[in-house]
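# Commentary on secondary and tertiary structure
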Amino acid sequence: MSHGHDVVDTGPAERTHGLLAEFSTPDALLDASRKCRDAGFTKWDACTPYPIHGLEGAMGIKMTRLPWVVFFMGLTGFTTATLLQIGANGAFGYAFHISGKPLAGWPSMGPVMFELTVLFSALTTLLTMAVFNNLPLFNHPAFKVENFKHVTSHSFFVIVEARDPKFTKAGTADFLKSLGAEKVTTLTEPTKVEIPKILKYVAIIATCAALIPPAIIFRARNTHSENVKIHLIDDMDFQPKFRAQQTTTFFADKSADRLAIPGTVAQGELNLDDHLLKGTVGGKFLNGFPAAIKIDDEAMKRGQKMFNIYCTACHGLAGNGDGMVHQRAIDIQESNWVPPTNLAGETTLKLTDGEIFNAITNGIRNMQPYGGQIVPEDRWKIVLYLRALQKAQPLPAKTADQVNELKGKKVGAN
Amino acid sequence: MDAHANTNLTDAKLEGGFGKFALPLMIAGLVCTAAAYIMGNGAGDSQKQFLHSYLTAFLYFLAIGLGGLFFVILQHLVGASWSITVRRIAECVAVSIPVLAVLFIPILLAVINKNDALYMWANPETIAKDHLLQHKSPWLNPNAFAIRAFLYFSIWSVLAFYFHRTSVKQDESGDAEITVKQRTISAPAMILFGFSLTFAAFDFIMSLTPHWYSTIFGIYYFASCAMSFMATLALLSKFVQRCGGLKTAISIEHYHDIGKLLFTFVFFWGYISFSQFMLIWYSNIPEETEFFLHRMEGGWMTVSLVLIFCHFLIPFIGMLSRTSKRSRALLLFWSIWMLVMHYVQMFWLVKHNYDSHHVAFGLLDVLCMLGIGGLFIGNILRVLGGNALVPVKEPRLAKSLAFQNI
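Because the structure is a prediction, the values reported are computed rather than measured.

### With respect to the interface of chain A and chain B
- Chain A puts 20 residues into the contact, and the matching count from chain B is 16 residues.
- Taking both sides of the interface into account, the surface hidden between chain A and chain B amounts to around 1,600 Å²; carbon and sulfur atoms contribute 77%.
- Its largest share of buried area at the contact with chain B, chain A owes to His-53, Lys-101 and Pro-107 of chain A, together 33% of the area lost on that side.
- In this assembly, chain A and chain B are joined by 0 salt bridges.
- Counting across the chain A and chain B interface gives 3 residue pairs in polar contact (both at pLDDT 80 or more).
- Mapped onto the side of chain A that touches chain B, the elements with two or more residues apiece are α1 (26-39) and α4 (106-132) of chain A.
- Split into classes, the residues belonging to the side of chain A that touches chain B amount to 10 nonpolar, 6 polar and 4 charged.

Structure representation (structure tokens):
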């Protein structure tokens, strides 16, 4: 460490910004910082090429308030995400039910809550840190000092500003040199350079010009025009077709909609077999299957498959009316719940095959129609399987007792 | 403050080690384990109860051991110098994994004897009746399970021994080459560690419900490992200091960093648990939802809520501020809190398999915890007392002693 350098002045006539002291090791800087702190300086700073552990303590810097700002902005992000999602799902207005999920299902909201919390926190950290540190700083008196460029590679600096109450040019320079500074340089305030007038006018004109497009848009949004709308893609706006309920001069009745010619039958829609399609014979629901349904093992299996797909949700696998939907409704004590019919019960046993087919096709009570979902052949096979289910039911308790009683008598007789 | 701080620690080794704690702890542990084992061979479903309580306690301490191994490998891998003063403690935790390998025998015996009290897939009759398990049986069968368990414990033990032995060797020679070598080994070690832990979590915990699967499960258990170890490290550091060791070596700066990592892994656990739950909740497929659905009924719902609030939200808010990590009292409070929650987490994972309708905590659970814990912690203290408490000739020790947070 060399001593005895004179204070180098960069310009006697200019106002002093402060003093710049150069150190060559981080330890020297830490030591100097501690002494500056203890000497009671307040308007000063240390510059290093990299973070030095313990420097903030040596400089006497208080804990930053940044975490509090970040914390509250993080909460803001969290709240924003929560309200945004509840709002967007329509909890306050038209409800959007998406794949049966609740409107404010917190698990699906979690990722956005997390992301917005992090986003708000991260941006706040960066921006607030910059504001607290007076960044961005485009110019500083130290930039004029040649050696100061080493602050990005290997030199360490202390800057004591002239506005510090303890600052005296000679006294502080001596103090800094006593700390072991390699070199102490006086920093001068940069002379203020006026912005050229022409630039000011350009800026004013540009600002005004920038207001014109939004003004035009605003006007267009709020006034009526007699002019024809501009069609950018003509053949998309004017398509050679008629929409429903449109008029035309081509037909005598001036309607673009045409009725089918009486007696026309669309392909595959002749629908003559009432028994197969409606379950009726001569207008009455009867027992027995239509001729088109071949009763065999395959039909029974198909019926079982269709029954298990469409019917078990409510009626249960055995048709006793205890399907999952029913169980769930009981679990949550759904007040309006009408239990599904026990298909093996008296009511259904009494029905004819045709009536059951009709119930499946058109629905019954609060059961929806399945005619649109299941083809007629499969509906008949469901009836077939249902009949098998009814036969497979365990005996009613009373009958079973009677059977046992009879058995007992037989044993007794022997 | 500077990099040339005095490294002549006068309290780097304790006279007589931790003998007065280690031996009684291990004896008590052995007695409790034996008592639990005998209770577990009684009538009724006592064996099933014992195996579940035992696995809960076993996974509890295995997590701490694996967390220790992870910590050691990680510090070498990233070339961290701050942690050197607490690294020997972590090495001793990791090197106690072989104790757990021995303690795994009761579980292994049950599986090899095709006893389905714990893992239903261990019983060939169950598999014969179960189409899905038949498909999984090439992986989930007693022999493959035993071979894999042997492999996992071998990997962990060898790695733990390696990092502990070489570190102790450096205490004498002061050879800087050892540090370089450790760092080279740490990269493949981390890969081995990652895979072995993932598959061990699948085998030991996830296969309790063999129809259910979750590909995130490995890292889910890992989150518990890292979290529980950081809490343990804070407590052990404090314990060592109470016994008169490392008074100056472990400063508030080190506690602060341990606190930061504890906080990190508390959040990491929440993040991973939520990821697992959210995906399963959203897709809503019966074979996946069963795991959570059954834990959302009756008393288990209470345990689930305790986990959400006390394992994640409350400690997250509690440990958020810098102050809570730089206060020894607060850090120790949260460490104990998290270690209790770690038990609730293991309990929630394993004991639900024993009784999915009631939350049953009993004497067997206490005995198993005391038993395995006594042996495991006793062994940590035994090993810790045998050598210096820090790697005294590690080239970067001075840097660690002088460490300060920004």
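### Describing the state of the cysteines
- As enumerated under the stated definition, the model contains 0 disulfides over all chains in all.
- Cysteine Cys-314 of chain A remains unbridged, with the sulfur of Cys-311 of chain A as its closest cysteine sulfur at 9.2 Å.
- Taking the relative accessible area as the measure of exposure, Cys-314 of chain A reaches 29% and is therefore partly exposed.
- Here Cys-92 of chain B stays free of any disulfide, with the sulfur of Cys-243 of chain B as its closest cysteine sulfur at 14 Å.
- For Cys-92 of chain B, a relative accessible area of 1% puts it in the buried group.

### A look at the pairing of strand β1 (residues 16-23) of chain A
Residue and element names in this part refer to chain A.
- For β1, the buried fraction is high: 7 of the 8 residues fall into the buried class.
- Alignment of β1 against strand β4 (residues 183-188), held across 6 bridges, turns out to be antiparallel. From the neighbouring strand, Thr-16 faces β4, where its bridge partner is Thr-188.
- Sheet topology places β1 next to strand β3 (residues 156-161); 6 bridges connect them, and they run antiparallel. Within β3, the position partnered with Gly-18 by the bridge is Glu-161.

### Quick look at the nonpolar core
Residue and element names in this part refer to chain B.
- Ranked by size, the top nonpolar core spans 136 residues in total, and within it Phe-58, Trp-156, Phe-204 and Tyr-221 carry the most contacts.
- Take this core: its biggest share by element is 18 residues, from helix α2 (residues 46-77).
- For Tyr-221, the contacting residues outside a window of four places in its chain are Leu-59, Leu-62, Ala-63, Leu-66, Leu-197, Ala-201, Ile-205 and Met-346.

### Concerning the packing of aromatic side chains
- Applying the stated rule across the entire model yields 68 aromatic pairs over all chains.
- Considering the side-chain rings of Phe-277 of chain B and Phe-292 of chain B, the 5.1 Å spacing of their centres and the 85 degrees angle between planes classify their relative orientation as edge-to-face. Here Phe-277 of chain B, found in helix α11 (residues 252-283), pairs with Phe-292 of chain B, found in helix α12 (residues 286-293); they are 15 residues apart in sequence, far enough to count as distant.
- On the basis of relative accessible area, Phe-277 of chain B is assigned to the buried category, the value being 14%.
- Connected via pairs of aromatic rings, a cluster forms that spans Trp-106 of chain A together with Trp-212, Phe-217, Tyr-220, Trp-269, Phe-274, Phe-277, Phe-291, Phe-292 and Trp-348 of chain B.

### With respect to the pattern of salt bridges
- Under the criterion given, the structure shown has 20 salt bridges over all chains.
- One salt bridge connects Arg-37 of chain A with Asp-38 of chain A, and the closest N-O pair in it is separated by 3.1 Å.
- A relative accessible area of 58% places Asp-38 of chain A in the exposed class.
- Salt-bridge contacts for Arg-87 of chain B lead to Glu-394 of chain B; the nearest nitrogen and oxygen are separated by 3.2 Å. Separated by 307 residues along the polypeptide, Arg-87 of chain B in helix α3 (residues 84-94) and Glu-394 of chain B in the loop between α16 (363-386) and α17 (397-401) bring together distant segments of the chain. By the burial criterion, Arg-87 of chain B is buried, and Glu-394 of chain B matches it.
- Members of the salt-bridge network, linked through shared partners, are Arg-87, Arg-88, Glu-91, Asp-171, Glu-394 and Arg-396 of chain B.

### Focus on the confidence of the model for chain A
All names here are of chain A.
- Averaged over every residue, the pLDDT of chain A is 87; residues scoring 70 or more account for 94%.
- Summarising per-element confidence for chain A, the mean pLDDT is lowest in helix α16 (residues 397-413) (66) and highest in helix α6 (residues 197-210) (95).
- Contacts of residues 1-5 to residues separated by more than four positions or lying in other chains number 9 contacts, the stretch itself having pLDDT below 50.

### Focus: the side chain of Thr-85 of chain B
Residue and element names in this part refer to chain B.
- Within the element layout of this structure, Thr-85 appears in helix α3.
- Among the polar contacts listed, one links the side chain of Thr-85 to the side chain of His-254, at a separation of 3.3 Å.
- If sequence neighbours within four positions are ignored, Thr-85 has contacts with Leu-246, Ala-249, Ile-250, His-254, Leu-389, Val-390, Leu-397, Ser-400 and Leu-401.

### Details of the side chain of Ser-121 of chain A
- Position of Ser-121 of chain A among the secondary structure elements: in helix α4.
- Apart from the residues lying within four places of it in its own chain, the contact partners of Ser-121 of chain A are Val-70 and Gly-74 of chain A.

### Quick notes on the sheet that holds β1 of chain A
Residue and element names in this part refer to chain A.
- Strand order across the open sheet formed by 4 strands is β2-β3-β1-β4, with antiparallel pairing between neighbours. The sheet is open, and its two edges are formed by β2 (44-47) and β4, each paired on a single side. Between one strand axis and the next, the sheet turns by 20 degrees as a mean value, whatever way the strands run.
- As paired elements, β2 and β3 share 4 bridges and run antiparallel to each other. Its bridge partner being in β3, Trp-44 is matched across the sheet by Val-160.
- Here α1 sits on the sheet and contacts β1, β2 and β3; the angle it forms with β2, its principal contact strand, is near 170 degrees.
- The sheet strands contacting helix α5 (residues 169-178) are β1, β3 and β4, and the helix crosses β1 at an angle near 10 degrees.

The rules we used
Residues numbered from 1 in each chain as written. Chains lettered and ligands numbered in written order. Predicted model: local features only at pLDDT ≥ 70, side-chain atom pairs only at ≥ 80, totals over all residues. Heavy atoms only, no water. Contact = heavy atoms within 4.5 Å. Buried area = accessible area lost by both parts, 1.4 Å probe. Salt bridge = Lys/Arg side-chain N within 4 Å of Asp/Glu carboxyl O. Polar contact = N/O pair within 3.5 Å; in protein donor to acceptor, adjacent residues only side chain to side chain. Helix = DSSP H or I, 4+ residues; strand = E, 2+ residues; numbered from the N terminus. Nonpolar A, V, L, I, M, F, W, Y, C, P; charged D, E, K, R; others polar. Disulfide = S-S within 2.5 Å. Buried < 20%, exposed > 50% of the residue type's maximum accessible area, 1.4 Å probe, protein only. Pairing = 2+ DSSP bridges. Core = buried A, V, L, I, M, F, W, Y, C linked by side-chain atoms within 4.5 Å. Phe/Tyr/Trp six-rings, centres within 6.5 Å; stacked < 30°, edge-to-face > 60°. pLDDT = per-residue confidence, 0-100. Axes fitted to C-alpha atoms, helices over the stretch in contact; angles between N-to-C directions.

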